[in-house]
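Descriptive structure summary
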Amino acid sequence: EIYQCDWSSDVCSSDLAMDEYRNGNAESAIEKFKMVEKDYSYTEWAPRSLLMTAYIYYAANRCTDTLILLERYVKFYPSHPERVYVEYLKGVCYFEEVSEFSKDQEKTLKAMDQFKLLIKNYPESEYAYDAKYKMDLLNDLLAGKEMYVARYYMNNKKWAAAINRLKIIIDKYQNTIYVEEALYRLVEIYHKLGLEEDASKVAAILGYNFNSSEWYKKSYLLVSTNQIALPKKD
């Protein structure tokens, strides 16, 4: 979301900076906002100019520069009313830099921690709802990473390692799109290892929670060869 504040004032430099920004002259606007922050360091215009500079960097996909300025903002203006937006924008910067699930998830974890902090400290803010939505997407990403690794272990017949990864999905990411597949993959591994009782138990859990799922139907085909009855949910 774009950062907005009331710039109507007698501070001509801030007016010029906003004019430059509105006219698409980002670099010129940044320089002018920096001047406002410096020349009016003990006024309300200093934190506003700093935050506006950070937003311009963000709009230009310069998240590293954005985060540096946001950290400075937190250091110098920890109690400012716009602090909630600062915390939100920090999370968004990390969020927009997350990589696909086959790669390192450092930024994903940082985004999760940042949004958790925002929701904890500002639960009633207008940004908390969007933070929760983005956290759901990040949980899917983290669960996808675990599934990616679990499949790798399965392809290499490293069953114990695969089981550990699948259990992480089931324990930590129950509300993600990967939990059904994780349950099925456990059934599949237990079946391959001849652990039919364990396979049936997991298939029963899958059937109880997702009885219309294609993953459940596949798991039933595996365990039904041993004539084990599985409960079905209405």
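Residues numbered from 1 in each chain as written. Predicted model: local features only at pLDDT ≥ 70, side-chain atom pairs only at ≥ 80, totals over all residues. Heavy atoms only, no water.

Thoughts on the overall build of the chain
Scanning the chain from N- to C-terminus turns up 11 helices and 0 strands. In the chain, the succession of helices and strands from N to C terminus is α-α-α-α-α-α-α-α-α-α-α. In the chain, which comprises 234 residues, the share counted as buried stands at 45%. Across the chain, every contact between residues at least 6 apart in sequence was considered, and the portion connecting residues at least 24 apart equals 53%. Of the roughly 13,100 Å² of accessible surface on the chain, a fraction of 49% belongs to carbon and sulfur atoms. (Helix = DSSP H or I, 4+ residues; strand = E, 2+ residues; numbered from the N terminus. Buried < 20%, exposed > 50% of the residue type's maximum accessible area, 1.4 Å probe, protein only. Contact = heavy atoms within 4.5 Å. Areas by Shrake-Rupley, 256 points an atom, 1.4 Å probe, with all protein chains shown as cover.)

Considerations on the packing of aromatic side chains
Counted according to the given criterion, the structure contains 9 aromatic pairs. Every member of this aromatic cluster is reached through a ring pair, and the members are Tyr-85, Tyr-88 and Tyr-127. Over the face of the ring belonging to Trp-45 we find Arg-48, whose NZ or CZ atom lies 5.1 Å from the ring centre. The lysine or arginine in question, Lys-134, covers the ring of Phe-95, its NZ or CZ lying 5.4 Å from the ring centre. (Phe/Tyr/Trp six-rings, centres within 6.5 Å; stacked < 30°, edge-to-face > 60°. Lys NZ or Arg CZ within 6 Å of the ring centre and 35° of its normal.)

Side note on the environment of Tyr-216
Inspection of the secondary structure assignment puts Tyr-216 in helix 11 (residues 214-223). A residue is classified by how much of its surface remains accessible, and Tyr-216, at 2% relative accessible area, is buried. For Tyr-216 and Ala-203, which are 13 residues apart along the polypeptide, the C-alpha to C-alpha distance reads 6.9 Å.

Considerations on helix 4 (residues 63-76)
Taking 1.5 Å of rise per residue, 14 residues should cover 20 Å, and helix 4 covers 20 Å from first to last C-alpha, within 8% of that figure. The set of residues buried in helix 4 consists of Cys-63, Thr-66, Leu-67, Leu-69, Leu-70, Tyr-73 and Val-74. Projected down its long axis, helix 4 carries its buried residues within an arc of 165°, all on one side. Opposite its buried face, helix 4 presents the exposed residues Thr-64, Ile-68, Lys-75 and Phe-76, each directed more than 90 degrees away. As for helix 4, its buried residues are in contact with helix 3 (45-59) and helix 5 (83-95). (Expected span 1.5 Å × (residues − 1). Arc of directions from axis to C-beta.)

Structural notes on the confidence of the model for the chain
The predicted model of the chain has a mean per-residue pLDDT of 86, with 88% of residues at 70 or higher. The secondary structure element of the chain with the lowest average pLDDT is helix 1 (residues 12-22), at 71, and the one with the highest is helix 8 (residues 159-172), at 96. Low pLDDT, under 50, characterises residues 7-11; the stretch is placed with 14 contacts to residues that sit more than four places away or in other chains. (pLDDT = per-residue confidence, 0-100.)

Some remarks on the packing of helix 6 (residues 106-121) against helix 7 (residues 128-155)
Where helix 6 contacts helix 7, the axes come no closer than 9 Å and their chain directions differ by 150°. When the axis of helix 6 is compared with that of helix 7, the two are roughly antiparallel. Pair helix 6 / helix 7 crosses with left-handed handedness. Between helix 6, through Thr-108, Leu-109, Ala-111, Met-112, Phe-115, Lys-116, Leu-118 and Ile-119, and helix 7, the contact on the second element is made entirely by Ala-128, Ala-131, Lys-132, Lys-134, Met-135, Leu-138, Asn-139, Leu-141 and Leu-142. (Axes fitted to C-alpha atoms, helices over the stretch in contact; angles between N-to-C directions. Parallel < 35°, antiparallel > 145°, perpendicular 65-115°, else oblique. Left-handed = near helix turned anticlockwise from the far one by under 90°.)

Describing helix 9 (residues 179-192)
For helix 9, which comprises 14 residues, the first-to-last C-alpha distance of 20 Å matches the rise-based estimate of 20 Å (1.5 Å per residue) to within 8%. The element helix 9 is largely enclosed, with a buried count of 11 among its 14 residues. Backbone geometry just after helix 9 places Gly-194 at a positive phi near 80°.

Let's talk about the packing of helix 3 against helix 5
When two helices pack together, their arrangement is given by the angle between their axes and by how far apart the axes lie. Two elements in contact, helix 3 and helix 5, have axes separated by 12 Å at closest approach and are oriented at 20°. Our classification of the angle between helix 3 and helix 5 gives roughly parallel. Relative to helix 5, helix 3 is oriented so that their crossing is left-handed. Between helix 3, through Leu-51, Tyr-55 and Tyr-58, and helix 5, the contact on the second element is made entirely by Tyr-85, Val-86, Leu-89, Val-92 and Cys-93. Residue composition of the contact of helix 3 with helix 5, by class: 8 nonpolar, no polar and no charged. (Nonpolar A, V, L, I, M, F, W, Y, C, P; charged D, E, K, R; others polar.)

Description of the pattern of salt bridges
Counted according to the given criterion, the structure contains 16 salt bridges. Of the charged contacts, one joins Lys-90 and Glu-87 as a salt bridge, the two residues approaching to 3.7 Å between their closest N and O atoms. Within this pair, Lys-90 and its partner Glu-87 are both found in helix 5, separated by 3 residues, close to a single helical turn. In this pair, the class of Lys-90 matches that of Glu-87, namely buried. Between Lys-107 and Glu-97 there is a salt bridge, with the nearest N and O atoms lying 2.9 Å from each other. Residue Lys-107 is located in helix 6, and its partner Glu-97 is located in the loop between helix 5 and helix 6; the two are separated by 10 residues in the primary sequence. The class of Lys-107 is partly exposed, set by a relative accessible area of 29%. One salt-bridge network, held together by shared partners, links Glu-71, Arg-83, Glu-87 and Lys-90. (Salt bridge = Lys/Arg side-chain N within 4 Å of Asp/Glu carboxyl O.)

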